[in-house]
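# Examination of the molecular architecture
Chain by chain, the residues:
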Amino acid sequence: MRIVIGEGSCGIAAGAAKVHKAIEALMTENESFTLGSTGCIGMCFLEPIVDLYDGKILIKRLVKVTADDAAVIVEAARSGDLSGVEKLVISAEDEEFLNRQTRIALRHCGLIDPVSLDDYRNADGYQALEKALKTMTPEQVIEEIKVSGLAGRGGAGFPTWFKWNAARQSVGERKYLICNADEGDPGAFMDRAVIESDPHSLIEGMLIGAYAIGACEMIVYVRAEYPLAITNLEIAIDAARKANLLGENILGTGFSCDMRIKAGAGAFVCGEETALIESLEGKRGMPRLKPPFPAQKGYMDEPSNINNVETFANVSWIINNGGEAFAAMGTENSKGTKVFALTGKIRKGGLVEIPMGKTLRDVIYGIGGGIRDNKEFKAVQMGGPSGGCIPADLLDTVIDYKALAATGAIMGSGGMVVMDESTCMVGMAKFFLDFTALESCGKCVHCRIGTARMQEILTRIVKGEGKEGDIELLEELCDAVKDGALCGLGQTAPNPVLTTIRYFRNEYEAHIREKKCPAKECVDLLTYSIDADKCKGCTLCAKKCPAKAISGEVKKAHIIDENICIRCGQCVSSCRFGAIIVE
Amino acid sequence: MCNCSCQGPKSDLSLLDDVLKEYGGSSGNLITILQKAQNIYGYLPKDVMYCIAEKVGVAPADVMGVATFYSQFRLTPIGKYLIMACQGTACHVNGSERVTAAISEYLGIGNGETTADGLFTLENVACLGCCSLAPVIMINGEAYGNLTPDSAVAVIKGIQEKEGK
Ligand SMILES: Cc1cc2nc3c(=O)[nH]c(=O)nc-3n(C[C@H](O)[C@H](O)[C@H](O)COP(=O)(O)O)c2cc1C
Ligand code: SF4
Ligand code: SF4
Ligand code: SF4
Ligand code: FES
Ligand code: FES
């Protein structure tokens, strides 16, 4: 028997490393079972996860395991009698989370040891590279990608073959292939999961791309907040180099290409491709004017091609299975699958990969199990700070570049943050504008000043100081910023504001006219009081209140002094009788 | 060794020798050099930046420009424990503001500040990539998820206890 623990970043955060240590501590020198680890299984809501394998066959998946469970797991692995771990086994309902997915980009995630080249090879790894290098011309590779219909997964959805072809056609002394692993959308983690869990698939996908465009060097620009991704990729690059999969004369085919990692330093705008190139050159990450496009003049002024991690993760599968098999999935204008990071007020959060053409409802209810604590679904945010909020009555929108763009949101890179009735949509718009105003590089006046002005207006609205005409002013500013911005950051920054105004105008109006926050989230618009009929006088809230705003005698109704109350909400969670009223 | 003439407290610049030997040849490596320097000193002291400028062959203002552009770089020393409080979208929706406010109130420090005893620095960050465990904080590389204001403060108290405070 073999015990395998899911040890991606989020598994570790949930305690997987402690479980690993606890099991290891119980193992004897000639133990009858082995212990290993894998990357992201993607069922974050069940982490830490421990899988029991018999050879290649998964016999039991144990979930929400703690270090205290180590002894029964070890016992089960030794004896083969699994009755002791029965209570940890994943439920049939939860198994559906994976069963309902179609995994291509994530095909090895949670199944192989991320840092084992052998594991990757045994899972068909590097066969696509061999096929491409030995039996296909670069043009044929590009043609296969064209047939597949693969479009960029970094957000904009530009056809991958077209970019590759442009870079191939471009004349230059050296060409570069760059992977955008900056994953700037706060709330998205697909790219981290792929690099951490299956680094060789990124290397293989990139090598095929490098062969197609004629690149001699590959650079991966990884977000600094992803230390485990960087470590695993470093190990994989080393192993690939030793196996002659990187470097000179790869697999004896005469094709040479090497690879290196560059850690980002925390600037959202560096996800924009020309800013990323500036950053690679050691400069401040300010976007460049296009044209010239990177395919003509990119890194070091040489022809360069930039793709997202997930884009590359699809490439070997396409070469192995053919472009047509990929294009068979999806809709008219969106082919293949897409990975989403499902988070927020969702019952089952994690990584979801499904064919294009499914609906948002399929993902949020069919796979994610709907909203936590039986609350009402309100909206889902897609595309992060560049995207928008899609409301409940559009839940049947299909996942397709065009259909999503029609809602005012975008497909984006895959962040899907679910919100319930307790999320204030004006607050959400403010949250994103706080972010973009902070991250604007400052090069264009419209973006720099425009986002700051919008942030100001939104701040005053959530404080109850909004004025008639503020909504219109916001709309006007949105237009101006869209038109006057040089790069995608500014051009898309208004989207969260525009979509929330479009679908939740009534919430804006309630803040401005009635000085009320319907979601009861905007602190400055809330009043706390105690329902004298429900209060039992237990004094708990008075003890808990940090502002000492609550007074009253034991067993008698308490009262809150509104002038002292700092609206921290702590009394609400401390009262067991639901006596605190928030309005 | 570097023989620059800048003022202020002196850092042990010899610690930079290996980094500069490996990366000093090209201004394209400036960000990498600053990252390695920050790993050594915990932040970017002024004399270190001057020394890097001289060795890499760029103006000190350019080094400063890069150091201030990227949020990862710190120009002041940090505490023994760096608390990174996620303010990403998923964490925001799940109440990160209350969690951060509780930590901030308990330690008496705001974003970017360090406690008087030099133990903790609080820093707001955009996303730690563990969004399904939101709200999340990370302390010296270890992530803590599914936090409430109380459980976050309990984590900090645990560290204080360990440090005998
Ligand atoms: C402000 C901004 C941030 C971006 N952030 C990312 C990112 O984090 N990851 C990414 O892959 N693409 C990001 N992009 C898109 C890239 O500019 C580029 O289109 C993409 O990396 C191309 O790869 P693809 O064709 O494979 O999607 C961003 C764009 C903008 C304007
Ligand atoms: S739109 Fe904003 S982020 Fe983009 S270049 Fe202009 S100022 Fe910089
Ligand atoms: S909201 Fe906070 S400050 Fe106000 S009464 Fe309740 S506990 Fe006290
Ligand atoms: S905790 Fe609830 S029941 Fe107890 S004194 Fe406060 S309001 Fe009354
Ligand atoms: S399992 Fe790795 S992201 Fe959650
Ligand atoms: S949003 Fe907080 S970890 Fe991603």
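Scroll up for the structure.
This section reports on the structure supplied with the text. None of the values given here were measured: they were computed from a predicted structure. (Residues numbered from 1 in each chain as written. Chains lettered and ligands numbered in written order. Predicted model: local features only at pLDDT ≥ 70, side-chain atom pairs only at ≥ 80, totals over all residues. Heavy atoms only, no water.)

Here the focus is the overall build of chain B. Counting its secondary structure elements, chain B contains seven helices and four strands. The secondary structure elements of chain B, listed N-terminal to C-terminal, are α-α-α-α-β-α-α-β-β-β-α. Considering only C-alpha atoms, chain B reaches an extent of 50 × 35 × 25 Å along its principal axes. For chain B, the proportion of its 165 residues judged to be buried stands at 53%. Contacts in chain B between residues at least 24 apart in sequence constitute 63% of all its contacts with a sequence separation of at least 6. Total accessible area on chain B is roughly 7,400 Å²; 50% of this is exposed by carbon and sulfur atoms. Taken together, the 11 basic and 16 acidic charged side chains of chain B have centroids lying 2 Å from each other. (Helix = DSSP H or I, 4+ residues; strand = E, 2+ residues; numbered from the N terminus. Buried < 20%, exposed > 50% of the residue type's maximum accessible area, 1.4 Å probe, protein only. Contact = heavy atoms within 4.5 Å. Areas by Shrake-Rupley, 256 points an atom, 1.4 Å probe, with all protein chains shown as cover. Lys, Arg positive; Asp, Glu negative; His and termini not counted. Charge placed at Lys NZ, Arg CZ, Asp CG, Glu CD.)

All names here are of chain A. Pairing is mixed in the open sheet, where five strands are placed in the order S10-S9-S13-S11-S12. Two strands bound the open sheet, and with one partner strand each, they are strand S10 (350-355) and strand S12 (388-391). Ignoring strand direction, the axes of neighbouring strands in this sheet form an average angle of 30°. Contacts between helix H9 (residues 190-197) and the sheet are confined to strand S9 (337-344), S10 and strand S13 (415-420), with S9 contributing the most and set at about 110° to the helix. Each of strand S11 (377-382), S12 and S13 is contacted by helix H17 (residues 425-439), which is oriented at about 15° to S11, the strand it contacts most. (Pairing = 2+ DSSP bridges. Axes fitted to C-alpha atoms, helices over the stretch in contact; angles between N-to-C directions.)

Residue and element names in this part refer to chain A. Of the strand pairs in this sheet, strand S3 (residues 50-54) and strand S4 (residues 57-62) are connected by five bridges, and their pairing is antiparallel. Bridging across to S4, Asp51 finds its partner in Arg61. Once S3 ends, the chain turns through two residues before running back antiparallel as S4, passing Gly55 with a positive phi of about 60°.

Listed per partner, the contact involves 35 residues of chain B and 54 residues of chain A. Buried surface at the junction of chain B and chain A, both sides included, amounts to about 3,200 Å², of which 56% is carbon and sulfur. Contact with chain A buries surface across chain B, with Phe69, Thr89 and Val93 of chain B losing the most and accounting together for 20% of the total. Where chain B meets chain A, there are two salt bridges. Here Asp150 of chain B makes a salt bridge to Lys544 of chain A, at a shortest N to O gap of 3.1 Å. (Buried area = accessible area lost by both parts, 1.4 Å probe. Salt bridge = Lys/Arg side-chain N within 4 Å of Asp/Glu carboxyl O.)

Attention now moves to H9 of chain A. Summarising burial for H9 of chain A: eight of the eight residues are buried, a large majority. Turning to H9 of chain A, its buried residues number three or more, namely Met190, Asp191, Arg192, Ala193, Val194, Ile195, Glu196 and Ser197 of chain A.

Let's shift gears to the side chain of Ser197 of chain A. All names here are of chain A. Along the polypeptide, Ser197 turns up in helix H9. Side-chain polar atoms of Ser197 contact the backbone oxygen of Ala193, separated by 2.6 Å. In this structure, Ser197 is in contact with Gly39, Cys40, Cys109, Ile112 and Pro114, ignoring residues within four places of it in sequence. (Polar contact = N/O pair within 3.5 Å; in protein donor to acceptor, adjacent residues only side chain to side chain.)

Turning next to the site of ligand 3. Around ligand 3, a shell composed of Tyr528, Cys545, Pro546, Ala547, Ile550, Ile560, Cys565, Ile566, Arg567, Cys568, Gly569 and Cys571 of chain A is seen. Here the shell around ligand 3 is composed, by residue class, of ten nonpolar, one polar and one charged. (Near = heavy atom within 4 Å. Nonpolar A, V, L, I, M, F, W, Y, C, P; charged D, E, K, R; others polar.)

Below, the discussion takes up the layout of surface pockets. Residue and element names in this part refer to chain A. Its volume calculated, the second largest pocket comes out at about 1,300 Å³. Considering the residues around the second largest pocket, the lining is formed by 46 residues, among which Gly154, Ala156, Gly271, Glu272 and Glu273 are closest to the centre. Elements that contribute at least two residues to the lining of the second largest pocket include exactly helix H8 (160-169), strand S8 (304-308) and helix H20 (488-492). Considering each element in turn, the lining of the second largest pocket owes the most residues, five residues, to S8. Here the residues of the lining of the second largest pocket sort into 17 nonpolar, 20 polar and nine charged. (1 Å grid on protein atoms, 1.4 Å probe; cavity = no way out; pocket = protein on both sides within 12 Å on 5 of 7 lines; lining within 4 Å. Points joined across faces, edges and corners; volume = space filled by probe spheres on them.)

Residue and element names in this part refer to chain A. Taken together, 18 residues form the shell around ligand 1, and within it Gly154, Lys163, Gly184, Asn308 and Thr311 come nearest. Measuring from an oxygen atom of ligand 1, one finds a backbone N or O atom of Glu273 at 3.1 Å. Within the contact set of ligand 1, an oxygen atom lies 2.8 Å away from a side-chain nitrogen or oxygen of Asn308. Protein contact buries 89% of the 610 Å² of open area that ligand 1 shows by itself. Assessed atom by atom at 2 Å from the grid points, ligand 1 resides in the second largest pocket. Looking at which element gives the most residues to the shell around ligand 1, the answer is S8, with three residues. For the shell around ligand 1, the residue count by class is three nonpolar, nine polar and six charged. (Sits in = over half its atoms within 2 Å of the grid points.)

Within this structure, the stated rule accounts for twelve aromatic pairs over all chains. The interplanar angle of 85° and the centroid separation of 5.8 Å between the aromatic rings of Phe158 of chain A and Phe162 of chain A together place this pair among those described as edge-to-face. In this structure Phe162 of chain A comes out as partly exposed when scored by relative accessible area, which is 44%. Centroid distance Phe69 of chain B to Tyr70 of chain B: 4.9 Å. Interplanar angle 75°. Geometry classified as edge-to-face. Judged by relative accessible area, Phe69 of chain B falls into the buried class, the value being 15%. Ring pairing ties together the aromatic residues Phe158, Trp161 and Phe162 of chain A, which thus form one cluster. (Phe/Tyr/Trp six-rings, centres within 6.5 Å; stacked < 30°, edge-to-face > 60°.)

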